[in-house]
Amino acid sequence: MTFVAAKFTPEVLLSAPRRSAAVPNPSGTRALYTVSSYSFESHSKTSQISVLDIASGQSQLLLEQKGISEPTWLSDDDILYLRSNDAGTTSLLVTSTSSHSTAGYELALVDAAVSNIKVKKLANGSFALAFTALASPEGRLVKPEEQKPYSTAKVYTSLFVRHWDTWLTENRSSVWYSALEKRATKYSLAAKGFVNALAGQDLECPVPPFGGSGDFDIGPAGLVFVSKDPKLCPATYTKTDLYFVPLTTFTESSPPSPKIVPTPGLEGYTNSPTFSHCGRKVAFTRMRNKQYESDKPRLLLLPDISDLGKVEEFYATDDGEGGWDIRPEGVIWSADDASLFVTAEQTGRTLIFSLPAKPADAKDLPSVLKSPDGSVGAVRQLADGSSKLLVTSSSLVDNSCFSVVDPSHGTAAIISSISKQGKKFGLSRSSCGGITFKGAGDYDVHALVMRPSSFDHRKKYPLAFLIHGGPQGAWGDSWSTRWNPAIFAEQGYVVVCPNPTGSTGYGMALENGIKGQWGGRPYDDLVKCFEYIAENMPYVDIDRAVALGASYGGYMINWIQGHPLGRKFKALVCHDGVYSTLNQWSSEELFFPIHDFEGTIYDNRAGYEKWDPARFVNEWATPQLIIHNELDYRLPITEGLSPFNILQSKGIPSKLLMFPDENHWVLKPENSLVWHREVLGWINKYAGVDHDQDQLAVVESMTKPINI
C-alpha cells in the first residue's frame, strides 16, 4: 500500500495504514505484521497480513481479508493467525508464507471471540497454545448464539457495575490452552478442544479494561498469569497477584489449581510476567500501593518456578522506595538469559534499558540501549539464540518504524519506516523540539514543542497549548491518531505540550506531587510554562493562544476557565473532562479518586471541594468547545452537559459535540474526522487561522453530523 500526502491533514492521519508490532520468525530472516487502513471514499476498513524481509527491508502482502489478526510463527515458514467471523466465532487458521497459495486451512473453529494468542514450542516438538476468551460462571466458553434474556434489567449487589464502556455481566475473561502437533504437512490439535485454565476459580485474566497478552505467558513449565485479588473490591483496590498453573504437555484436561506467587510488601498492580528461555525463571513487575494505579512498578525475579516463595527485587532499598527512579514496563530476556531488556519512559521517550538478569549482579543502574528517534512500542528477540533485537517504534513524525538493535555493538539500524521517517506525511524531525523551565517549586518541567513544517523563525505563529490526561501520564515523542501534535502544527500553530507535576517519566517525586494538588502545582506549572513561552519564544503570538485538554487535561481546561490563566487564551477545548470533583464517585475505578484526593469523599470532602472547577463558574468567560461521549463511564456525560449548560446560560460562546457510540476516546474513523473538523474549526476561528478553510470544507462534505 503506497501513500504520499501533500499536506498532513486529519484525513491523512486517519486513513494512513496502521502497522502492528513486527514479529520475527525463529531464524530472524522475516517478520510478520498486520496493516489496517480506512478509506473515507468507500467508508470501509481493510485488514492485511504482510511479511517483511529483514535483510532487504522489503515487504510482501500475504493475506487481505476481513477480520484477520494476530499472526504468529509456527516455524520459519508456517504461521497461525485469527479470523473473527460475522457470526461471532473465531477461526484459527494456518498457512505458509513460502507457498504460492496462501489459502491455508482451518485448524479450529472456536464458538467465541478469541484474542491474545500465544504459541510456544515444547521439547517434544509439539506446541503449547493459549488465548483469552470470555468464560461463563460455569467455566464454559461464552458462545455468540446463547439466548439473550427477555428482560434488559441489570441488578447488582457489588462493584464493578460498569467499567470503561461496558456494563458488567457474570462472564469473565479467562486463559484457554491446548497443544498443537504437526503430522506430515498439517498441524492439528493434540487434544480435544480448549481447556479453561481458570475454571472453578474466582479469577480473571486479562485484567480489564486494558489487559492483553502482557497479562500472561506460557512456557515448558506451564502458565503464569495475573488476576485481581478476588477478596478485595476491584473498584477500590488495584491489587493483582501473579499465579502459576503447572502444565507439562498442555493437553491436561483438568489443570491444577493456580498457585499464587507471594511478594511481601508489594500489593499493587502486577504486570508483564515473562518466562526465561530456559523456562524456569519469570521476570515481572509489581507496584507497592494497592490503591494507586500509577505507583512505580518494581522489577522482580522469580528465580525458580518450582519455588514460588523466593521472589527477588531489583534495586531494592531499605526504605522500600527502590533505587531506580524509573517505571519499568515491558520485559524480555536476552538469548542466554543473562540479561533483561526493559522498556520504560524517560523524559518524553520510551527507551530500552539493559541490566543483568540477577538482582545480586545488578550493581549499577540499567544502561540505555541505542534506538531510533521517538519511543519504543515493542521489543522482540530477532532470532532464536541471537543477541540482536527487533524493535517497533514510532515518533512525533513517524507512525511505525522497524529496526534492529544490537546491544553488544550499541547500534540501531532502521529496516522499515512506513512513512519514510515522516517524509510521506510532509513531516520531519526539524519540526520537533523541547523546552525546560522552572516549575512552581524547586524543580524543572519539560515540554515538547512542535513547529509547522513551513516554520520561519522571523514570523509569528499562534500557540496551541495541549494539556495531557492521566493525570499520571505524559506527552511523549510517539505517534497518536487521537491527539497528534503535528495536526495542530500543520494548521499553522506552534504546539507546546507541557509535562507538569503529575507527569510520568521524570521521576516519582514529580509524578507523586499531584496527590492532593489537582488544581495546585500542575496549574502553577502551566502558568510558568506560559510565562516562559512569552519571554523566550518570540515567534509565538501569545495573543492568539488556544488551550486544549482531555480527561484530566479537560479538568484542567475547566479549572483554567475559572482562573487568571483562562483569560490568556482566545478559546478552550475540553474533551471528556471533569466538571466537578464532587462527581468523581460517579466514575468506576474509585481507587483513583481515593488516592489522588487523599481519601473517600465521605472522609475528606474538603479535599474534593478544594479543587472543584464548579466552584469558580462565576469567573468563566472564554469561548469553549466541550466534547463528551455517552459511553464514557470513566467520566459520565453529565460532566460535559453541566459545563455546557453553564456556558450557554452565561451567554459565553460555546459548542457541545457528543458521540453516542464512543467512550472516553473517539476511535471510529468517521467520528474522529468529525472530531478533528470541530476542534480545528473552533480554535482556528478564535485564533484567526483561516487559510485551511478549504480543507475543513472538504472534511465537512465527507461527514454529516447532526447540527442543532
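About the cut-offs
Residues numbered from 1 in each chain as written. Predicted model: local features only at pLDDT ≥ 70, side-chain atom pairs only at ≥ 80, totals over all residues. Heavy atoms only, no water. Helix = DSSP H or I, 4+ residues; strand = E, 2+ residues; numbered from the N terminus. Buried < 20%, exposed > 50% of the residue type's maximum accessible area, 1.4 Å probe, protein only. Polar contact = N/O pair within 3.5 Å; in protein donor to acceptor, adjacent residues only side chain to side chain. Expected span 1.5 Å × (residues − 1). Axes fitted to C-alpha atoms, helices over the stretch in contact; angles between N-to-C directions. Parallel < 35°, antiparallel > 145°, perpendicular 65-115°, else oblique. Contact = heavy atoms within 4.5 Å. Nonpolar A, V, L, I, M, F, W, Y, C, P; charged D, E, K, R; others polar. Phe/Tyr/Trp six-rings, centres within 6.5 Å; stacked < 30°, edge-to-face > 60°. Lys NZ or Arg CZ within 6 Å of the ring centre and 35° of its normal. Core = buried A, V, L, I, M, F, W, Y, C linked by side-chain atoms within 4.5 Å.

- Where an unreviewed UniProt entry is consulted, the chain appears under the name Dipeptidyl-peptidase V, with the organism given as Lasiosphaeria ovina.

### Regarding the side chain of Ser-37
Logical step 1: Within the secondary structure, Ser-37 is located in strand β3 (residues 30-39).
Logical step 2: Judged by relative accessible area, Ser-37 falls into the buried class, the value being 11%.
Logical step 3: In this structure the side chain of Ser-37 is engaged in a polar contact, spanning 2.8 Å, whose partner is the side chain of Thr-46.

### Details of helix α9 (residues 669-687)
Logical step 1: Over its 19 residues, α9 extends 26 Å from the first C-alpha to the last, a length consistent with the 27 Å expected when each residue adds 1.5 Å.
Logical step 2: Of all 19 residues that make up α9, 14 are buried, and the element is covered over most of its length.
Logical step 3: Phi turns positive, to about 75 degrees, at Gly-688, one or two residues after α9.

### Structural notes on the packing of helix α4 (residues 521-536) against helix α5 (residues 552-561)
Logical step 1: One can describe the packing of α4 onto α5 by two numbers: an axis separation of 11 Å at closest approach and a directional angle of 75 degrees. With respect to α5, the axis of α4 lies roughly perpendicular. Contacts between α4 and α5 involve Pro-522, Tyr-523 and Leu-526 from the former and Tyr-552, Met-556, Trp-559 and Ile-560 from the latter.
Logical step 2: A class-by-class count of the residues in the contact of α4 with α5 yields 7 nonpolar, no polar and no charged.

### A few points about the packing of aromatic side chains
Logical step 1: A full pass over the atoms with the stated rule returns 37 aromatic pairs.
Logical step 2: With 6.5 Å between their ring centres and 90 degrees between their planes, Tyr-269 and Phe-591 make a pair best called edge-to-face. Of the two residues, Tyr-269 is situated in the loop between β20 (259-261) and β21 (270-275) and Phe-591 in helix α6 (residues 591-596); the sequence distance between them amounts to 322 residues.
Logical step 3: The exposure class of Tyr-269 is buried, given its relative accessible area of 16%.
Logical step 4: Given the relative accessible area of 1%, Phe-591 is considered buried.
Logical step 5: Relative to Trp-620, the ring of Tyr-579 has its centre 6.2 Å away and its plane inclined at 90 degrees; by these criteria the two rings are edge-to-face. Of this pair, Tyr-579 sits in the loop between β38 (571-575) and α6 while Trp-620 sits in the loop between α7 (605-610) and β39 (624-629), and the two are 41 residues apart along the sequence.
Logical step 6: Between Arg-19 and the ring centre of Tyr-33, over which it is positioned, the NZ or CZ distance is 5.3 Å.
Logical step 7: Note that Lys-186 overlies the ring of Tyr-105, its terminal NZ or CZ placed 4.3 Å from the centroid.

### What to know about the nonpolar core
Logical step 1: If you look at the biggest cluster of nonpolar residues, it comprises 46 residues, and the most contacted ones within it are Phe-8, Phe-488, Val-495, Leu-548 and Ile-683.
Logical step 2: A total of 8 residues in this core trace back to one element, the largest contributor, which is α9.
Logical step 3: Contact partners of Ile-683, with chain neighbours within four places excluded, come to Phe-488, Tyr-493, Val-546, Leu-548 and Val-573.
Logical step 4: With 45 residues, the next largest nonpolar core counts Val-445, Cys-529, Tyr-555 and Leu-572 among its residues.

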